[in-house]
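The lines below spell out each chain.
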Amino acid sequence: MSKVVTLNEFILDRQAEFPFASGELSRLLSDIAVAAKIVSRDVRKAGLVDHILGAHGNTNVQGEEQQKLDVVADEQFIKAFENGGEVCGIASEENDDYVAFTSEAAKKGKYVVLFDPLDGSSNIDVNVSIGTIFSIYRRTSDLGSEATLEDMLQAGDKQIAAGYVLYGSSTMLVYTTGCGVNGFTLDPSIGEFCLSHPNMKMPETGRIYAMNEGNIDICNPGIKDYVKYCQSFENDKGAPYSGRYIGSLVADFHRNMIKGGIYIYPGTTTSPEGKLRLLYECNPLAFIAEQAGGLATTGFDRILTIKPERLHQRVPFFVGSKKMVEKAMSLMQ
Ligand code: AHM
Ligand code: MG
């Protein structure tokens, strides 16, 4: 049996990789891991809260108001960032505007974090995997001042780190700081994330496609051609691929990371920009995909070079195994 490497050990060992590292990013990643453990615990109790202890929005047996799980997760992560001292502001999919922290300690924080606290909202109440997605940037505003909108609206290729937490059959934390991708599985018996997936590489190609095919007739016709290709005996594998759509981006993405595959959320005639948010969902997963050898585009352009204009901007998203994304793009032209 090989030695168990915990996330904290791993982060400390890797700290030396950053020029001028002063430990702040390491502390920030550790703060995220603690918040993720707390959210994981809450996610594991979700059914009990709903059906035994009192439904969300109702009062529980102790007379406390139950909050929806995505709000609980949002508050938990914000608390970790606000108290950690490394972050001057955040933007979250749950909040209309960004939050600039006002304490003197926070104003000295070097980083901003953009995150989706609990993605896959339609799956929360039905006991299907959900996830947290986060993205870390160095602030562009002056140290000691409050965070600004410009700090939040940076292109994805400026990310310092990004990751996701998957609350699946086990809880996993996967992250990159731009030197490859590593995955950690939470061992609930010791309460530690342990290195389980070192140096993750997304297979160059695969035989799984994931998209909401209910939208097929309102997408760009190139998508229909690509799905037909996936389903055909004439494709590169000589047999139809498998369609797998969980409806939780983190879970679909993670499966494709390991097995190879493509995830598509295209623009449609009713939502030309698609559904997914550039800052909270697409940029962090695009960074991880590229670090693992995969590709992430809008169907035409690389996600990481888009200059965001709005906090809640949406973009069409094609992400996964490099050859599969390239093939889908070739049919979009
Ligand atoms: P959310 O942020 O409201 O949870 O929406 C994002 C989710 C993704 O996790 C998932 O891939 C997609 O929305 C599913 O959308 P749809 O039900 O339209 O297929
Ligand atoms: Mg989301």
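Within any chain, residue numbers begin from 1 and follow the written order of that chain's sequence. Numbering of ligands from 1 and lettering of chains from A proceed in the order in which they are written. Reporting of local features is limited, given that this is a predicted model, to residues whose pLDDT is at least 70; pairs of side-chain atoms are given and counted only at 80 or more, and all residues count toward the totals for whole chains, interfaces and linings. Water and hydrogen atoms play no part in the side-chain values, which are based on all heavy atoms of the structure.

**Considerations on the coordination of the magnesium ion (ligand 2)**
Ideal values for angles at a metal depend on the geometry: 109.5 degrees with four tetrahedral donors, 90 or 180 degrees with six octahedral donors. Here the coordinating atoms are restricted to nitrogen, oxygen and sulfur within 2.8 Å of the metal centre, or 3.2 Å for Na, K and Ca, and because water is not among them the sites may look incomplete. Taken together, Glu 93 (OE), Asp 116 (OD), Asp 119 (OD) and Glu 281 (OE) make up the full set of protein donors to the magnesium ion (ligand 2), lying 1.9 to 2.6 Å away. Read in sequence order, the donor residues for the magnesium ion (ligand 2) give the motif E-x22-D-x2-D-x161-E. Placement of the pair is Glu 93 in the loop between strand S1 (87–92) and strand S2 (99–100) and Asp 116 in strand S3 (residues 111–119), with a sequence separation of 23 residues. Secondary structure is summarised from DSSP: a helix means a run of H or I of at least four residues, a strand means a run of E of at least two, and numbering begins at the N terminus for each.

**Quick word on the packing of helix H2 (residues 24–44) against helix H4 (residues 69–84)**
All axes are obtained by fitting lines to C-alpha atoms, using only the stretch in contact for helices, and the reported angles, taken between N-to-C directions, cover 0 to 180 degrees. At their nearest, the axes of H2 and H4 sit 9 Å apart, and the two run at 155 degrees to each other. Judged by the angle between their axes, H2 and H4 are roughly antiparallel. In the crossing of H2 with H4, the sense of the turn from one axis to the other is right-handed. Two secondary-structure elements touch here, H2 through Leu 28, Asp 31, Ile 32, Ala 35, Ala 36, Ile 38, Val 39, Asp 42 and Val 43 and H4 through Leu 69, Val 72, Ala 73, Gln 76, Phe 77, Ala 80, Phe 81 and Gly 84. The nonpolar class holds Ala, Val, Leu, Ile, Met, Phe, Trp, Tyr, Cys and Pro. Asp, Glu, Lys and Arg form the charged class, and all remaining residues, Gly among them, are polar. Across the contact of H2 with H4, the residue classes tally to 13 nonpolar, 2 polar and 2 charged. Any angle from 65 to 115 degrees is called roughly perpendicular, while one under 35 is roughly parallel, one over 145 is roughly antiparallel, and all others are oblique. Left-handed describes a crossing whose near helix is turned anticlockwise from the far helix by less than a right angle; the clockwise case is right-handed. Working rule for contacts: check all heavy atoms of both residues, and any pair within 4.5 Å makes them a contact.

**Regarding unusual backbone geometry**
What you tend to see is this: most non-glycine residues have negative phi, and most peptide bonds are trans. With a phi angle near 60 degrees, Asn 127 is a residue other than glycine that sits in the positive phi range. Within the secondary structure, Asn 127 is located in the loop between helix H6 (121–124) and strand S4 (130–138). The backbone phi angle of Asn 199 is positive, close to 45 degrees, even though this residue is not glycine.

**Observations regarding the state of the cysteines**
By definition, disulfides here are pairs of cysteine sulfur atoms that lie within 2.5 Å. With the rule as written, the count across this model stands at 0 disulfides. Of all cysteine sulfurs, the one in Cys 219 lies closest to Cys 230, which takes part in no disulfide; the gap is 13 Å.

**Here we look at the sheet that holds strand S9 (residues 208–210)**
Two strands pair if DSSP finds at least two bridges between them. Pairing is mixed in the open sheet, where 5 strands are placed in the order S10-S9-S11-S13-S12. Each edge of the sheet is formed by a strand with only one pairing partner; in this case those strands are strand S10 (242–243) and strand S12 (295–297). Sheet topology places S9 next to strand S11 (residues 262–265); 2 bridges connect them, and they run parallel. Among the inter-strand pairings, Tyr 209 is bridged to a residue of S11, identified as Ile 262. On the sheet, helix H11 (residues 322–332) packs against S9, S11, S12 and strand S13 (317–320) and is oriented at approximately 150 degrees with respect to S13.

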